[in-house]
Amino acid sequence: MPLKLFECDTVIPERKRHVYVKNVGEDTSMFLPMANIDTIPGSISERGCSYCGAKLVIGGVLKDTIQLIHGPVGCAYNTWHTKRYPSDNDNYQLKYVCSTDVKEKHVIFGAEKLLKQNILEAFKAFPNCKRMIIYTTCATALIGDDPKAVAKDVMKELGDVDIFCSQCAGFAGVSQSKGHHVFNIDWMNEKVGTYEPEITSDYTINMIGDYNIQGDSVVLSDYFHRMGIQVIAHFTGNETYDGLRSMHRAQLNVVNCARSAGYIANELKKKYGIPRLDVDTWGFNYVAESLRKVGAFFGLENRAEQVIAEEYAKWEPKLNWYKERLKGKKLCIWTGGPRLWHWTKALEDDLGMEVVSMSSKFGHQEDFEKVIARGNIGTIYIDDGNELEFFEVLKEKKVDVIFTGPRVGELVKKLHIPYINGHAYHNGPYMGFEGWVNCARDIYNGIHSPIWALAGKDIRKGA
Ligand code: D6N
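Residues numbered from 1 in each chain as written. Predicted model: local features only at pLDDT ≥ 70, side-chain atom pairs only at ≥ 80, totals over all residues. Heavy atoms only, no water.

### Focus on the overall build of the protein chain
Okay, step 1: Across its full length, the protein chain carries 19 helices and 14 strands.
Okay, step 2: Computed over the C-alpha atoms, the radius of gyration of the protein chain is 23 Å, within 12% of the 23 Å expected from 2.2 N^0.38 for a compact globule of 463 residues.
Okay, step 3: Scored against the burial criterion, the 463 residues of the protein chain give a buried share of 56%.
Okay, step 4: Considering only contacts in the protein chain between residues 6 or more positions apart, those separated by 24 or more positions represent 73%.
Okay, step 5: Per element, the accessible surface of the protein chain, about 19,500 Å² overall, is 53% carbon and sulfur. (Helix = DSSP H or I, 4+ residues; strand = E, 2+ residues; numbered from the N terminus. Rg over C-alpha atoms; globule rule 2.2 N^0.38 Å. Buried < 20%, exposed > 50% of the residue type's maximum accessible area, 1.4 Å probe, protein only. Contact = heavy atoms within 4.5 Å. Areas by Shrake-Rupley, 256 points an atom, 1.4 Å probe, with all protein chains shown as cover.)

See below:
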């Protein structure tokens, strides 16, 4: 049977529609797990909320923007300091978050006055910041506050500030994916085209869907710089608010994370006719192929080849050292969605590893099409997986390492299996050639750490 019912799911048999094992001779036109639909009651989901998708994943990355969360203080706290996206602006975005700290009385009497007071206070506290994003949360959406009206009022009053309102409450969709979508579309409609960038090259791109996790954007920007290409806007790694307002000026949209940012690329194509080029930015083969594609678009093939040759000379011997030692190791990828299809073949081709299970929190069916097309026969593909299912996978497959977040990671550590932080990385960046060597080094260190042998010993015996 291609769809699989885990033993732990016998009480919620609907879960079977979300788990698929690829068989010989099958393709995705025959079987595709359900995805991007409500979590089934009784399944302890790993998903985040829609507000989180807008704030933590996209808007919160901007390095010069006040983040004001209009809601109970927990909404701000829980999306602050949990992701590692540094910037060259002294990491302003990692240090600070503002919250209106809405309480019961505001739920009853309204919180717009409180919001206005907080906006003014925040601009006073950070006098050098003239840009702000206000986020609606479940509580303030339910009571019907109108942050846009308040923002308009303040912009008129202060004169030199610009404010964007992200109106995507936690309950707006089935997962964080909805927050990505709403942020993309609203930003496109309200902010793109309102700022003119300085053009310094004949070749200009937007790098879309990369969030500078531990420096990823810096690595990619360096390659483009060496090819003579100007990155007008990085959506949104290490980027400024006004940079994102300038996206209409690029000649090409280079898209990495199609799940979180494909929407804005499509809108830019519709409105401004900017073509979209999808790339993979993890793994040697993929990065080289991506640079070649961008080079071919601009007629800069030679410059692309030069960068690739320089990078291969520098990093390939190191990658090969790890490949020798990681060959044949089995792993699972249990992250958000796109990293499944970006990574599975890269780990196999560049490092000789075997991916035996992949779980996506919020990928859509089109993501599963890509995952399954690139994945192996016999691999278990899961949508919106839960802990008990994960434990069953581990019982069935002998796994050497798991790419996942700290929540599940801490659980598998108790089974003496190492995990690599598949969201925020262990010691990144992981993108680009040097990044993939970093990734290989972290896998190697994880698998070969002496801690696993020690952890299995009961020191009370023989003491
Ligand atoms: Fe894209 S889907 S934005 S690549 Fe996204 Fe990106 Fe993926 C994701 S940086 Fe994954 Fe998340 Fe991150 S789950 S935060 S690793 V975590 N929404």
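### Thoughts on the pairing of strand E13 (residues 401–404)
Okay, step 1: Of the two faces of E13, both are covered, the one formed by Val-401 and Phe-403 as well as the one formed by Ile-402 and Thr-404.
Okay, step 2: Bridge count for strand E10 (residues 330–335) against E13 is 3 bridges, and the pairing is parallel. Along E13, the bridge assignment pairs Leu-331 with Val-401.
Okay, step 3: Summarising the sheet, E13 and strand E14 (residues 419–421) pair through 3 bridges and their orientation is parallel. The residue of E14 that forms the bridge with Ile-402 is Tyr-419. (Pairing = 2+ DSSP bridges.)

### Looking at helix H9 (residues 216–226)
Okay, step 1: The set of residues buried in H9 consists of Asp-216, Ser-217, Val-219, Leu-220, Tyr-223 and Phe-224. All buried residues of H9 project into a common sector of 160° when viewed along the axis, lining one side.
Okay, step 2: Buried positions along H9 lie against strand E6 (204–210), strand E7 (230–236), helix H12 (284–298), helix H13 (301–326) and helix H18 (432–448).
Okay, step 3: Backbone geometry just after H9 places Gly-228 at a positive phi near 85°. (Arc of directions from axis to C-beta.)

### Thoughts on the confidence of the model for the protein chain
Okay, step 1: Summing up the model confidence of the protein chain, the mean pLDDT is 96 and the portion of residues at 70 or higher is 99%.
Okay, step 2: For this predicted complex, the interface score ipTM comes out at 0.95, while the overall pTM is 0.97. (pLDDT = per-residue confidence, 0-100.)

### Looking at the pattern of salt bridges
Opposite charge on two side chains makes pairing possible when the charged atoms of those side chains draw close.
Okay, step 1: On inspection of all chains with the given rule, the structure shows 30 salt bridges.
Okay, step 2: Residues Asp-280 and Arg-374 are paired through a salt bridge, measuring 2.9 Å at the closest nitrogen-oxygen approach. Within this pair, whereas Asp-280 is found in the loop between strand E9 (276–278) and H12, its partner Arg-374 is found in helix H15 (residues 365–374), the two being separated by 94 residues in sequence.
Okay, step 3: The class of Asp-280 is buried, set by a relative accessible area of 7%.
Okay, step 4: Sharing partners across several salt bridges, the network here consists of Arg-131, Asp-162, Lys-191, Asp-242 and Arg-245. (Salt bridge = Lys/Arg side-chain N within 4 Å of Asp/Glu carboxyl O.)

### Remarks on the packing of helix H14 (residues 338–351) against H18
The relative placement of two packed helices is expressed as an angle between their axes plus a distance between the axes.
Okay, step 1: Relative orientation of the contacting elements H14 and H18 amounts to 80°, with a least axis distance of 12 Å. In terms of their interaxial angle, H14 and H18 are classed as roughly perpendicular. Contacts from Trp-343, Ala-346, Leu-347, Asp-350 and Leu-351 of H14 reach H18 at Trp-436, Ala-440 and Ile-443.
Okay, step 2: Looking at side-chain class alone, the contact of H14 with H18 contains 7 nonpolar, no polar and 1 charged residues. (Axes fitted to C-alpha atoms, helices over the stretch in contact; angles between N-to-C directions. Parallel < 35°, antiparallel > 145°, perpendicular 65-115°, else oblique. Nonpolar A, V, L, I, M, F, W, Y, C, P; charged D, E, K, R; others polar.)

### With respect to the sheet that holds strand E12 (residues 380–383)
Okay, step 1: Ordered by their spatial adjacency, 6 strands build an open sheet running E1-E12-E11-E10-E13-E14, and the pairing between neighbours is mixed. One side of each edge strand has no neighbouring strand; the edge strands of this open sheet are strand E1 (19–21) and E14. Here the strands of the sheet are splayed against their neighbours by 15° on average, with no regard to which way each runs.
Okay, step 2: Taken together, the 6 bridges between E10 and strand E11 (residues 354–360) define a ladder with parallel strand orientation. Paired with Leu-331 across the two strands is Val-355, which belongs to E11.
Okay, step 3: Its contacts with the sheet put H14 on E10, E11 and E13, and the angle it makes with E11 is roughly 175°.
Okay, step 4: Contacting E13 and E14, H18 runs over the sheet at an angle of about 130° to E13.

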